[in-house]
There are 2 protein chains.
Amino acid sequence: MIITLIGGTGDIGEGLALRWAHDTAHEIRIGSRDPQKGIDSAKKYELELSNRGQKRTVLGGGNHEMTIGADIIVLSVPPYYIVDTIKSITDAISPGSIIISPAVGLKRDDDGNFYSSPPPSSRSVTEYAANASPDGVPLIGAFHTLPAHRLSDLDAPLNFDTLVVGDDAEAKQIVIQISNEINGLRAVDAGALANSAEIEGITPVLINISKSNKDMDELGVEIK
Amino acid sequence: MIITLIGGTGDIGEGLALRWAHDTAHEIRIGSRDPQKGIDSAKKYELELSNRGQKRTVLGGGNHEMTIGADIIVLSVPPYYIVDTIKSITDAISPGSIIISPAVGLKRDDDGNFYSSPPPSSRSVTEYAANASPDGVPLIGAFHTLPAHRLSDLDAPLNFDTLVVGDDAEAKQIVIQISNEINGLRAVDAGALANSAEIEGITPVLINISKSNKDMDELGVEIK
């Protein structure tokens, strides 16, 4: 499959790109608002894999260009960019493709990190992204709780779960499958899109635990 | 220490009573609105421990009576009973004791299980309980995400975490310590009381995962 990481130049997009490129045979593409940044990141990932003895072609470029022909489109962008990002790639999205939203609404004050639901009326960022997606293209929520730096460090073992939500059963199964192909990651069906808010809320819990415990950092969650 | 399980006749109160009685030397007391029910449950737990070759005295009775002299008071009651329950035991609570709130606000509809914040203005059930507690008695949030049946089955291994929140650092450390004394349970400092809502929200996530996966039931969470 062709997997395009929109916003694949950093944060969780970088980690997913590296892990899929390293652990699977899927074709990985890196999209960015600035095409040169997409190209540069793709080259950087190729070099990192090459340093590990793995010859891999990673394509990079603008978001629109990298979306054409993609089977899977991961929207690795902050919540406030989601609508504009989807609008900018809508006419490049193929019928039959799947959009994945990993974004989480976070806010922070003196008492810690909190879940912040997005405007205007969605309960979760995931549903907000689903509402902004083209008709007939299923949006699946996944990767909300993954720690970005640990994910992008190919030497770091994961051994945790990602919780996957969606209203299209077939698309959800495909996302579960390609998530399970990442070594050390287990994808768990966590229900419908309507169940996203509480899953997104796990991310501030993990950040608060990191702040409260010197020996706990870049945390994930395992359901057991 | 003397640990009183208010509402210790079922649900998570039963499991905590059995685990602490089995794994530690703390004095365990079972409170109920109906004193006879408290006595009967205490006898039942004594019998279960006796069947495992462990001679243990568990005291049972009314909530008020069982609160007198308790060092730790666990409010194992549904959210809508919390205020009345605290009122009914307030004059029995010793200075220097600690209240623990494990209650979670849950609602359910056709789309799954959701976190339901309590009335009137608290963000979480834990803060709602803290607001109803006597001045000077610290309330600590813990045990929100523990599966009741697995907890009360002494043959079932736990191997998961409980996330502990509170604004009184000393009281929080005591709760973390007595939680860690339960075999297979690790207590993790998860910040201030203000961070309770997202932790309580993990419970509906665990229930939704159980509903979506035939082989996953009575789930807990491990942070790693």
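All of these numbers come straight from a predicted model, not from anything done at the bench.

**Details of the confidence of the model for chain A**
Counting all residues, the mean pLDDT for chain A is 96, and 99% of those residues have values of 70 or more. Our summary of model confidence lists the complex with pTM equal to 0.96 and ipTM equal to 0.95.

**Quick look at the nonpolar core**
Residues A:Ala17, A:Leu75, A:Ile100, B:Ala17, B:Leu75 and B:Ile100 are the most contacted members of the largest nonpolar core, which totals 126 residues. Ignoring any residue separated from it by four or fewer positions in sequence, one finds A:Ala17 in contact with A:Leu5, A:Gly8, A:Ile28, A:Ile30, A:Tyr45 and A:Val58.

**Remarks on the relation of the copies chain B and chain A**
The two copies are related by a screw motion: chain B maps onto chain A through a turn of 180 degrees and a shift of 0.0 Å along the axis, at an RMSD of 0.0 Å. Read as a symmetry element, the transformation amounts to a two-fold axis. Across chain B, the rotation axis passes nearest the C-alpha of B:Glu222, at a separation of 2.5 Å. An overlap of 100% is found between the interface residues of chain B and their copies at the interface of chain A, pointing to a shared contact surface.

**Focus on the sheet that holds strand β2 (residues 27-32) of chain B**
All names here are of chain B. Read across the open sheet, the 6 strands follow the order β3-β2-β1-β4-β5-β8; overall the sheet is parallel. At either margin of the open sheet sits one strand with a lone partner, and together these are β3 (59-62) and β8 (139-141). Within this sheet the neighbouring strands show an average axis-to-axis angle of 25 degrees, counted without direction. Sheet topology places strand β1 (residues 2-6) next to β2; 5 bridges connect them, and they run parallel. Bridging across to β2, isoleucine 6 finds its partner in glycine 31. Lying on the sheet, helix α2 (residues 35-51) is in contact with β2 and β3; it crosses β3 at an angle near 165 degrees. Here helix α7 (residues 169-180) sits on the sheet in contact with β4 (72-75), β5 (98-101) and β8, set at roughly 65 degrees to β5.

**Details of unusual backbone geometry**
All names here are of chain B. Despite not being glycine, asparagine 159 has its phi angle at roughly 55 degrees, a positive value. Residue position: asparagine 159 is located in the loop between α6 (148-152) and β9 (160-164). When the 13 C-beta atoms within 10 Å are taken as the criterion, asparagine 159 is described as partly exposed. With a phi angle near 50 degrees, glutamate 218 is a residue other than glycine that sits in the positive phi range. Within the fold, glutamate 218 resides in the loop between α9 (202-212) and β11 (221-223).

**Regarding the pairing of β4(B)**
Residue and element names in this part refer to chain B. The two faces of β4 match: Ile72 and Val74 on one face and Ile73 and Leu75 on the other face are all buried. As defined by bridge partners, β1 adjoins β4 across 4 bridges and the pair is classed as parallel. Within the sheet, the bridge partner assigned to isoleucine 3 lies in β4 and is isoleucine 72. Pairing of β4 with β5, which is carried by 3 bridges, proceeds in the parallel orientation. Considered in β5, the bridge of isoleucine 72 is made with isoleucine 98.

**Structural notes on the sheet that holds strand β1 (residues 2-6) of chain A**
Sheets are built from strands paired through backbone hydrogen bonds, the pairs being either parallel or antiparallel. Residues and elements named next belong to chain A. One open sheet holds the 6 strands; their spatial order is β3-β2-β1-β4-β5-β8, and the pairing between them is parallel. Every interior strand has two partners, whereas the edge strands, β3 (59-62) and β8 (139-141), have only one. Averaged over neighbouring strand pairs, the angle between their axes works out to 25 degrees when direction is ignored.

**Notes on helix α5 (residues 125-132) of chain B**
Residue and element names in this part refer to chain B. Summarising burial for α5: 6 of the 8 residues are buried, a large majority. Taken together, the buried positions of α5 are occupied by Val125, Thr126, Glu127, Tyr128, Ala129 and Ala130. Turning to α5, the residues buried within the fold contact β4, α4 (82-89), β5, β8 and α8 (196-200).

**Digging into the interface of chain B and chain A**
On the chain A side, the residues contacting the 32 residues of chain B number 33 residues. Only β7 (112-115), β9, β10 (185-189), α8, α9 and β11 of chain B provide two or more residues apiece to the side of chain B that touches chain A. For the side of chain B that touches chain A, the element with the highest residue contribution is α9(B), accounting for 8 residues. Its residues assigned to classes, the side of chain B that touches chain A shows 17 nonpolar, 9 polar and 6 charged. Bridge count between strand β11 (residues 221-223) of chain A and β11(B): 3 bridges; the pairing is antiparallel. Across the sheet, residue A:Val221 finds its bridge partner in β11(B), namely B:Ile223.

**A short note on the packing of α4(B) against α5(B)**
Residues and elements named next belong to chain B. Where α4 meets α5, the axes come as close as 9 Å, and the angle between the chain directions of the two elements is 30 degrees. It follows that α4 is roughly parallel to α5 by the angle criterion. Between α4 and α5 the crossing geometry is right-handed. Touching Ile82, Val83 and Ile86 of α4 are Tyr128, Ala129 and Ala132, all from α5. Considering only residue class, the contact of α4 with α5 consists of 6 nonpolar, no polar and no charged.

**Some details on the pairing of strand β6 (residues 106-109) of chain A**
Residue and element names in this part refer to chain A. The pairing of β6 with strand β7 (residues 112-115) spans 4 bridges and is antiparallel. Bridge pairing in β7 links lysine 107 to phenylalanine 114. Taking the residues between adjacent antiparallel strands as the criterion, β6 and β7 are bridged by 2 residues.

So, how was this worked out
- Residues numbered from 1 in each chain as written.
- Chains lettered and ligands numbered in written order.
- Predicted model: local features only at pLDDT ≥ 70, side-chain atom pairs only at ≥ 80, totals over all residues.
- pLDDT = per-residue confidence, 0-100.
- Core = buried A, V, L, I, M, F, W, Y, C linked by C-beta atoms within 7 Å.
- Buried ≥ 20, exposed ≤ 12 C-beta atoms within 10 Å, placed from the backbone.
- Contact = placed C-beta atoms within 7 Å.
- Least-squares fit on C-alpha atoms with pLDDT ≥ 70 in both.
- Pairing = 2+ DSSP bridges.
- Helix = DSSP H or I, 4+ residues; strand = E, 2+ residues; numbered from the N terminus.
- Axes fitted to C-alpha atoms, helices over the stretch in contact; angles between N-to-C directions.
- Nonpolar A, V, L, I, M, F, W, Y, C, P; charged D, E, K, R; others polar.
- Parallel < 35°, antiparallel > 145°, perpendicular 65-115°, else oblique.
- Left-handed = near helix turned anticlockwise from the far one by under 90°.

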